[in-house]
Amino acid sequence: MSVQIAPSILSADFAALGAAVAAVERGGADFIHVDVMDGHFVPNITIGPPVVKSLRRVAKVPLDVHLMIADPDRYIEAFASAGASMISVHVEVLPHLHRTLQALKALSVKAGVVLNPSTPVSALEQVAGDVDFVLVMSVNPGFGGQQFIPRSTRKVAEVRALLDAAGNRDALIEIDGGIDLTTAPQVVAAGARILVAGHAVFSGGTPEQATRQLREKANAALVAPQ
Ligand code: DX5
Ligand code: ZN
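Another point: the overall build of the chain. Of the regular secondary structure elements, the chain holds 8 helices and 8 strands. Taken over C-alpha atoms, the radius of gyration comes to 16 Å for the chain, in line with the 17 Å a tight globule of 226 residues would show. C-alpha extents for the chain along the principal axes are approximately 40 × 40 × 30 Å. Across the 226 residues that make up the chain, the buried fraction comes to 53%.

Written out as C-alpha cells, the structure is:
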C-alpha cells in the first residue's frame, strides 16, 4: 500500500479554498485535511461544519476532519452530516474515549484518535483494537508552519507496535505537523502511512507540485527505507 497525502488547508488562502482543493487534487492528494480549532483546546479558532459542507461540494477526495476542540462529543454528528469521511478526536479531552469511538463508527465515519506530543502512547492501550487510525501530532496543535518534534518518529513506531499487538494491523498511522521533504521519509520508515502537510504544500511553490513531490518522496521511503 502506498503512502497517502492529506494536504492541510490550514495554510491555504481561506478566501480561495475551492482553488486550493483543486490544486492539491491535481497533485494527487488522497484526502483534504481540515483543522477545526475552537480557541479552548488550542489557542486558535478556525472553521466549523458549514465550511466542511462547502468543501464537500467541491472536493473529489474524502475529507479528513481533525477536531482540536474541547467537547468533540457535542459536534461529531454535525461534522459527519457535513460530509467528513474521517474524524479524529484528541484523547486528552475525552474521559469516555471508547464511547466516542463507538459513536463515530455509528455515524459511518472512520474513527481516529489523536495524541499530542506530550501524551504517552499508553493512553491508547485500551482502545487500540477499536480505532480505524491513529494521528500522531508531531507539533503542539494550534498553528501551521511549526517545526517537527524529532521524538515523534520513535512514537510512530511505538504506536505501530501497539496496534499490531492488539491485532489491529489494518489501522493506519497518520502524522501531522512539520512534515516536509526531509521529515516525510523518516516517518514513513517508522510506519506512518498518511502524511498531513500544510506549510510544505501551501507556503512554497505551487501546491500541486508540492503535493506531487511529497508523494514521490514518501513512497520512495517505502521501497528504500531510510
Ligand atoms: C496543527 C494542525 C496541522 C497543521 C500542520 O495544529 O493540526 O494540521 O496544519 O501544518 P504544517 O504542515 O504546516 O506543520
Ligand atoms: Zn491537523
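The next point concerns the side chain of Ser 8. Summarising the element assignment, Ser 8 is placed in the loop between strand 1 (4-7) and helix 1 (17-26). For Ser 8, a relative accessible area of 4% puts it in the buried group. Within polar-contact distance, the side chain of Ser 8 engages the side chain of Asp 35 at 2.7 Å. When near neighbours in sequence (up to four residues on either side) are disregarded, Ser 8 contacts His 33, Asp 35, Val 196, Ala 197, Gly 198 and Phe 202.

Think of it this way: side chains of opposite charge can pair up when their charged atoms draw near. Scanning all chains against the criterion turns up 7 salt bridges. Here Glu 158 and Arg 151 are joined by a salt bridge, their closest N and O atoms 3.2 Å apart. We classify Arg 151 as partly exposed; its relative accessible area is 47%. The shortest N-O distance in the salt bridge between Asp 164 and Arg 160 comes to 3.0 Å. With Asp 164 and Arg 160 both in helix 5 (residues 151-165), this residue pair falls 4 residues apart, about one helical turn. Exposure remark for Arg 160: the relative accessible area of 17% places this residue in the buried category. Each of Arg 26, Glu 208 and Arg 212 takes part in a single network of salt bridges with overlapping partners.

Between helix 1 and helix 2 (residues 49-58), the shortest axis-to-axis distance is 10 Å and the interhelical angle comes to 45 degrees. As far as their axial angle goes, helix 2 and helix 1 are oblique. Here helix 1 and helix 2 pass one another in a crossing that is right-handed. Together, Leu 17, Gly 18, Val 21 and Glu 25 of helix 1 and Val 51, Leu 55 and Val 58 of helix 2 make up the contact between the two elements.

Within the protein, the atoms that donate to the zinc ion (ligand 2) are His 33 (NE2), Asp 35 (OD), His 66 (ND1) and Asp 176 (OD), at distances of 2.0 to 2.3 Å. Each of the 6 donor atoms around the zinc ion (ligand 2) contributes to a set of angles spanning 71 to 169 degrees, which defines the coordination as octahedral. The motif formed by the donor residues of the zinc ion (ligand 2), counted along the single chain, is H-x1-D-x30-H-x109-D. Relative accessible area serves as the criterion here: at 0%, His 33 is assigned to the buried category. Given the relative accessible area of 7%, Asp 35 is considered buried.

In this section: helix 4 (residues 97-106). Here helix 4 has its buried residues at Leu 97, Thr 100, Leu 101 and Leu 104. Projected down its long axis, helix 4 carries its buried residues within an arc of 100 degrees, all on one side. Exposed positions of helix 4 whose direction lies more than 90 degrees from the buried face are Arg 99 and Ala 106. Residues of helix 4 that are buried sit in contact with helix 3 (76-82), strand 4 (84-90) and strand 5 (110-115). Looking at the residues trailing helix 4, positive phi occurs at Ser 108, about 60 degrees.

What follows concerns the site of ligand 1. Among the 20 residues in the neighbourhood of ligand 1, the closest are listed as Asp 35, Gly 142, Gly 145, Asp 176 and Gly 198. A distance of 2.7 Å separates an oxygen atom of ligand 1 from a polar atom in the side chain of Asp 35. When ligand 1 sits alone it has 370 Å² of accessible area, and the protein chains cover 99% of it. Breaking the shell around ligand 1 down by element, the ones donating at least two residues are strand 2 (32-37), strand 3 (63-68) and strand 8 (194-197). Looking at the shell around ligand 1 element by element, the count peaks at 3 residues for strand 2. Each residue belonging to the shell around ligand 1 can be placed in one class, and the counts come to 8 nonpolar, 10 polar and 2 charged.

Conventions and cut-offs
Residues numbered from 1 in each chain as written. Chains lettered and ligands numbered in written order. Predicted model: local features only at pLDDT ≥ 70, side-chain atom pairs only at ≥ 80, totals over all residues. Heavy atoms only, no water. Helix = DSSP H or I, 4+ residues; strand = E, 2+ residues; numbered from the N terminus. Rg over C-alpha atoms; globule rule 2.2 N^0.38 Å. Buried < 20%, exposed > 50% of the residue type's maximum accessible area, 1.4 Å probe, protein only. Polar contact = N/O pair within 3.5 Å; in protein donor to acceptor, adjacent residues only side chain to side chain. Contact = heavy atoms within 4.5 Å. Salt bridge = Lys/Arg side-chain N within 4 Å of Asp/Glu carboxyl O. Axes fitted to C-alpha atoms, helices over the stretch in contact; angles between N-to-C directions. Parallel < 35°, antiparallel > 145°, perpendicular 65-115°, else oblique. Left-handed = near helix turned anticlockwise from the far one by under 90°. Donors = N, O, S within 2.8 Å, 3.2 Å for Na, K, Ca; no water. Tetrahedral: all angles 85-135°; square planar, octahedral: opposite > 155°, others 65-115°. Arc of directions from axis to C-beta. Near = heavy atom within 4 Å. Areas by Shrake-Rupley, 256 points an atom, 1.4 Å probe, with all protein chains shown as cover. Nonpolar A, V, L, I, M, F, W, Y, C, P; charged D, E, K, R; others polar.

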